[in-house]
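Read off the chains here:
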Amino acid sequence: MGTTLTPEFWRQFAVLLVIATAATVVVGAALDAVVLRMRAHRTPRRPTATPVVRIHRPTRGTPVHH
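**Q** Just checking my understanding: could you explain the packing of aromatic side chains for this structure?
**A** We describe a pair of aromatic rings using the distance from one ring centre to the other and the angle between the two ring planes. If you walk through the whole model with that rule in mind, you get three aromatic pairs. With 5.2 Å between their ring centres and 75° between their planes, Phe9 and Trp10 make a pair best called edge-to-face. Ring centres of Trp10 and Phe13 lie 5.7 Å apart, and the angle between their planes is 90°; this geometry places the pair in the edge-to-face category. Of this pair, Trp10 and Phe13 both sit in helix H1 (residues 7-42), three residues apart, which is roughly one turn of the helix. Residue classification places Trp10 among the partly exposed residues on the basis of a relative accessible area of 44%. Using a relative accessible area of 41% as the deciding quantity, one classes Phe13 as partly exposed.

The rules behind these values
Residues numbered from 1 in each chain as written. Predicted model: local features only at pLDDT ≥ 70, side-chain atom pairs only at ≥ 80, totals over all residues. Heavy atoms only, no water. Phe/Tyr/Trp six-rings, centres within 6.5 Å; stacked < 30°, edge-to-face > 60°. Helix = DSSP H or I, 4+ residues; strand = E, 2+ residues; numbered from the N terminus. Buried < 20%, exposed > 50% of the residue type's maximum accessible area, 1.4 Å probe, protein only.

Quick look at the structure:
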C-alpha cells in the first residue's frame, strides 16, 4: 500500500531540514569556541621576544688588534 507525499509533508520536511541545519551550525560553532578557550587556558603564554645583545669579549690569550 503506497502513500503519496503531500505538499504539507514537503513543507514540514523543508522546515525541519532548515532547523536541523541551523542547529548543527550553531552547536558546531559553540563547540569550536569551547575547544579554543580550553586550548588558550591550557597552553602557557610565551614571553614576548626581546632582542638579544651579544657583546664580543676576547678570551684570555687572544691578542686584541686596534
